[in-house]
Amino acid sequence: MKKIFYLMFLVLLAFSCSKPKEMDPIFGNPDDRISDTLLYVKKTLVDAPYGWKAYTTTEISKGGYGFYMQFGENDRLKMVADLNETTASVIKESTYRIRQIMYATLSFDTYNYITMLQDPDPSVYGGTAGKGHGSDNEYDYVKTHGDTLFFQGRKFIKPLILVKAKEDEAKKYTSKGYLDVINKNKAFFKKNPLTSIVVGNVEAELAFGFRTKRMSIITANSDGSFSSSFVEFCNTIDGIEIVGGVVINNVQLKRFIWKDENSLVGLDKDGKEYPLKINSSSVVPYLTALGASFSVITIPDATTYNGWSTNFATRKAQAKAGINRWAFDGVNFFILRTIDFKFQSVNKRMSIVFNTTYEGSKTFNLTYNYTYTVENGKFKFTLSGTPSGNDGALYNDVRYLLQERINVDTFELGYFVNSETGEVMSQFKSVEHPDFYFTGQNN
Amino acid sequence: MKTITKTCIIVGLFAGLYSCVKEEKLNTKIENYDTFVPGAIDEWITKNLTDPYNIEVVYRYQRNMHDINKNIAPADESKVIPQMDVVINGFLDVYKKIGGVPFIKTYTPKQFALFGSGDYDVDGSVKGGTADGGRRITLYGVNNFDIANSNSVTGNLQVIHHEFTHILNQMRFIPAEFGKICAGDYYSNWTAQENDQAKARSLGFITPYSRKSIGEDFAEVLSHLIVAGQLYYDDFAYDSGKDAYPKFKQKEAIVRDYMMQNFNIDVTQLQIEFQRVMAEKYKSSRYSATTALSNDYVGSLDWDIRNTWGLENTISSKQRSLFMAILDELGGWTTKSMTFQFVSATKATLNIGFGDNSVTYTASYDFDIVKNADNTFKIAKSATQGTGNNYGNGNIDWVLKDTKPLIDYLGSTSFSADWKQVDLSVNPSDYLQFLILKDTKDPNATFMGKVNLRKY
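Residues numbered from 1 in each chain as written. Chains lettered and ligands numbered in written order. Predicted model: local features only at pLDDT ≥ 70, side-chain atom pairs only at ≥ 80, totals over all residues. Heavy atoms only, no water.

### Quick look at the overall build of chain B
What counts, and what does not: Secondary structure elements are taken from DSSP: a helix is a run of H or I of four residues or more, a strand is a run of E of two residues or more, and numbering for both begins at the N terminus. Here the globule rule reads 2.2 Å times residues to the power 0.38, and the radius of gyration is calculated from C-alpha atoms. Each residue is assigned to one of three classes by its accessible area relative to the maximum for its type, calculated with a 1.4 Å probe on protein chains only: buried under 20%, partly exposed between the two thresholds, exposed over 50%. Should any heavy atoms of two residues lie within 4.5 Å, those residues are counted as being in contact.
In terms of regular secondary structure, chain B is built from 16 helices and 14 strands. Its C-alpha atoms give chain B a radius of gyration of 32 Å, more than 25% over the compact-globule value 23 Å for 456 residues. For chain B, the residues scored as buried account for 52% of the 456 residues in total. Of all intrachain contacts in chain B linking residues separated by at least 6 positions in sequence, the fraction that spans at least 24 positions is 65%.

What follows is the structure, given as structure tokens:
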């Protein structure tokens with residue numbers, strides 16, 4: 001009996017010193033790893049001899065923004081940015097830090113151009129109060145690919161892509177060359193608002209919004225319908241970068257660069273070139289676009305305008321004077337502002353709305369409803385019913401435009417490029433009265 | 001045998017006991033990778049704030065220093081030193097001088113966090129600053145700071161003094177009676193449209209924000225007394241109406257008492273020192289006599305230089321000769337009082353009381369006050385005078401004989417306005433007590449008057 005106790009004692013003694021052996025982490029010590037990553041990111045950023053081109057996008061305003069940055073060993077950086085004229089031409093210095101937060105994080109920890117996107121005060125650089133454009137000032141390091149570092153915003157999860165710059169690029173970025181290219185890009189697309197690019201058998205129409213920093217791509221589908229999409233772009237030192245790229249007909253288009261003084265080419269990810277075509281009218285036929293990409297044509301509140309005939313301007317002034325004879329209270333007279341042509345292409349209806357104001361900013365509208373037919377691209381409008389109420393009372397005062405022209409003439413509608421602003425507008429041309437034509441904004 | 005067994009067991013047990021004792025080395029190194037290379041700004045901070053006050057300034061963005069749900073921009077480097085310099089001059093040094101070195105070193109927040117943009121709340125309001133746990137003051141909106149604009153300077157100081165009050169409140173509780181003055185009128189939804197300034201002041205609150213809570217109210221009262229100034233506070237209280245006025249004054253009394261009882265600090269001294277710094281260092285005209293006149297802060301000036309104050313102060317010979325002609329007697333009656341009463345920023349009335357033991361009459365004259373471009377004032381008898389007996393009295397020959405020289409003299413020139421010089425260590429009780437009008441053509445001709453503020 002006693003022997004069993006001895007035995008138990010011996011067994012216990014035998015195991016008393018055995019301990020689970022500490023495992024070596026497969027990927028090494030996590031502490032060493034993060035310190036390695038921190039050192040690697042900082043060293044890579046600092047060691048680039050000519051700095052970095054950087055691109056990011058914003059979550060709320062959905063625009064693309066370009067930067068050029070030089071990182072110093074002493075935690076200081078220099079930057080220019082594609083935000084406005086100052087940011088593109090004046091180099092601003094601030095601090096940065098590579099921090100360990102959850103990952104290795106690049107923190108722009110004092111104010112610089114990139115933080116203007118994140119600034120919640122709309123008076124600084126627009127955006128939404130409290131949120132700015134939806135951008136970050138802290139970016140987690142994700143990966144390296146060749147000469148490119150990928151980061152991701154900690155809060156809005158937008159990419160920050162850093163590409164090593166070359167010597168001549170650095171020189172241009174730091175000597176106001178960036179602003180020159182931005183102005184050149186803007187001027188080119190203001191002069192040529194209708195451009196397209198042909199990839200294989202697909203022609204995609206491109207429109208660049210230099211204020212919104214988004215471009216739209218419209219392509220024709222095989223069934224005759226059209227697809228449109230938006231991507232963020234930003235200006236670069238040699239053209240335009242599509243942040244993240246865009247796929248057209250299975251080809252990933254990455255950027256546009258200036259081929260020579262007057263033309264741009266698109267480049268795919270392999271560097272293949274696709275010339276940018278300059279068009280005088282949209283690839284989307286006007287009749288398809290009307291009611292789809294825009295359905296309201298707004299005649300601006302002006303006395304003359306690009307694309308208006310003298311006759312139209314006179315008649316519009318007469319209608320304005322006519323409306324101005326009226327007031328609700330005999331004191332505050334109506335002032336004609338804009339005129340909307342609202343199209344419902346599905347059921348071929350159109351209404352003309354005269355927007356007026358009185359007593360400051362109070363509004364009062366006159367609405368006249370029409371049906372229309374289209375033959376050979378020519379529009380014929382027919383008034384539905386007899387205007388009544390206020391619309392009826394003031395009907396006689398708008399006769400210069402309606403009874404004498406819109407109601408009786410046939411109209412050709414088409415695209416019109418405003419030579420002053422570059423805006424693509426709509427133009428109405430009377431067939432019967434060639435001296436009566438006018439333009440309006442497509443909304 | 002048994003002995004051997006026992007020995008074995010005992011030896012074995014001891015062996016078992018020690019078999020596990022091993023020298024173990026800690027296999028982890030604890031290292032802080034979150035460092036940065038200090039620059040010129042950091043040197044300045046160390047020299048001016050960390051070494052003397054043990055204050056840390058976090059100007060490089062740290063998300064954990066603000067509400068992590070918010071989007072707040074980092075501070076611009078160029079604003080850090082100017083902003084912190086203002087903190088030193090307009091806050092630390094003021095309290096150091098009045099409260100003493102131990103006071104400010106003990107109670108000053110030990111950490112300042114600076115952010116570039118404001119802290120936007122969902123309800124649309126923007127926070128200018130917060131205080132955490134008596135240790136940290138967070139200042140937002142530093143990027144809008146403009147050293148050349150005295151309003152910008154005082155605006156941020158208002159925030160600091162407000163937040164510092166919270167820190168003091170965490171050391172010593174707000175007296176219970178403070179909350180009773182406006183009990184029932186606190187309103188947490190202070191940004192609501194109905195809580196506009198008119199509503200808040202009619203209830204006895206200095207700002208709509210004061211209605212948020214008792215603590216905020218207390219901090220607003222003290223920070224306004226220091227930064228906006230006593231005259232602003234009194235004028236605001238008076239214009240808030242008969243019901244609200246006593247509430248303002250009760251709150252002021254409790255705040256002053258609180259500072260004195262708990263920290264041995266006289267709020268008036270804080271006001272004097274703060275306003276001196278603002279005027280001298282930042283060219284602020286907010287507390288000048290000129291501002292007081294053009295904002296109609298002053299109720300009236302006692303011009304009866306026979307009173308005690310007239311004996312204690314130096315009265316210019318010009319003032320003495322013109323005033324004594326009236327004050328010695330008026331047509332045989334005893335002159336009882338002489339008051340220059342401000343009706344508005346552009347109107348005033350000179351009232352002279354005279355009579356004997358049984359009756360008192362008043363002779364009145366209306367004056368127009370016009371502020372000139374160079375911040376001086378033209379004080380001339382109005383073309384149209386008021387009506388009534390008082391104005392009739394003013395036109396009596398034997399009254400006019402004595403008053404006309406003064407009236408003519410006032411209209412013949414322009415005056416600059418100034419407070420009597422106050423030195424903290426010499427005459428702090430003279431603060432805002434005496435207003436001096438100085439003839440722009442003759443610097444020796446000064447008219448001193450004792451200030452009376454409007455009250456109910």
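### Description of the interface of chain A and chain B
Using the following cut-off: Joining two parts hides part of their accessible area as seen by a 1.4 Å probe, and the buried area is that hidden amount summed over both. Each reported salt bridge corresponds to a side-chain nitrogen of Lys or Arg within 4 Å of a carboxyl oxygen of Asp or Glu. N or O atoms closer than or at 3.5 Å make up a polar contact, with two conditions inside protein: a donor-capable atom paired with an acceptor-capable one, and, for residues adjacent in sequence, both atoms drawn from side chains. Each residue is assigned to one class: nonpolar for Ala, Val, Leu, Ile, Met, Phe, Trp, Tyr, Cys and Pro, charged for Asp, Glu, Lys and Arg, and polar for all the others, Gly among them.
Taken together, the contact between chain A and chain B spans 44 residues of the former and 36 residues of the latter. When chain A packs against chain B, the two sides together hide about 3,200 Å² of surface, and 47% of this comes from carbon and sulfur. Here chain A and chain B share five salt bridges between them. Across the salt bridge formed by A:Glu138 and B:Arg63, the nearest N and O atoms sit 3.0 Å from each other. In this assembly, chain A and chain B are joined by 17 residue pairs in polar contact (both at pLDDT 80 or more). Elements that contribute at least two residues to the side of chain A that touches chain B include exactly α1 (2-16), α2 (30-47), β4 (92-95) and β5 (97-100) of chain A. Looking at the side of chain A that touches chain B residue by residue, the classes come out as 14 nonpolar, 11 polar and 19 charged.

### Regarding the packing of aromatic side chains
All names here are of chain A. The condition is simple: Pairing of aromatic side chains here covers Phe, Tyr and the six-membered ring of Trp, requires ring centres within 6.5 Å, and sorts the geometry by plane angle: under 30 degrees stacked, over 60 edge-to-face, intermediate tilted. Consider the ring centre and the ring normal. A charge sits over the ring if Lys NZ or Arg CZ is within 6 Å of that centre and within 35 degrees of that normal.
Scanning the model with the defined rule gives 75 aromatic pairs over all chains in all. An angle of 70 degrees between the planes, with centres 6.2 Å apart, marks the rings of phenylalanine 411 and phenylalanine 428 as edge-to-face. One end of the pair, phenylalanine 411, is in strand β23 (residues 410-417); the other, phenylalanine 428, is in strand β24 (residues 424-430), and 17 residues separate them in sequence. Summarising the burial analysis for this pair, phenylalanine 411 and phenylalanine 428 share the class buried. Positioned above the aromatic ring of phenylalanine 230 is the side chain of arginine 214, whose terminal nitrogen or guanidinium carbon lies 4.4 Å from the ring centre. Over the ring of phenylalanine 436 we find arginine 405; its NZ or CZ atom is 5.7 Å from the centre of that ring.

### Notes on the domain arrangement of chain A
The following threshold applies: Domain limits in this description derive from either an automatic procedure or a database domain assignment.
If you check the domain split of chain A, you get domain 1 (30-173), domain 2 (180-284) and domain 3 (296-442). Averaged C-alpha coordinates put domain 1 of chain A and domain 3 of chain A at centres separated by 50 Å.

### A look at the environment of A:Val198
Residue and element names in this part refer to chain A. Structurally, valine 198 is set in strand β10 (residues 195-199). Exposure remark for valine 198: the relative accessible area of 34% places this residue in the partly exposed category. Once the C-alpha coordinates of valine 198 and glycine 266 are considered, the two residues, 68 residues apart in sequence, prove to be 9.8 Å apart. Residues in contact with valine 198, not counting those within four places in the same chain, are Glu203, Tyr274 and Lys277.

### Observations concerning the confidence of the model for chain B
Here is the rule we go by: For every residue, the predictor reports its confidence as pLDDT, a number between 0 and 100.
When the pLDDT values of chain B are averaged, the result is 90; 96% of them are 70 or greater. Two numbers describe this predicted complex: its pTM, 0.77, and its ipTM, 0.77.

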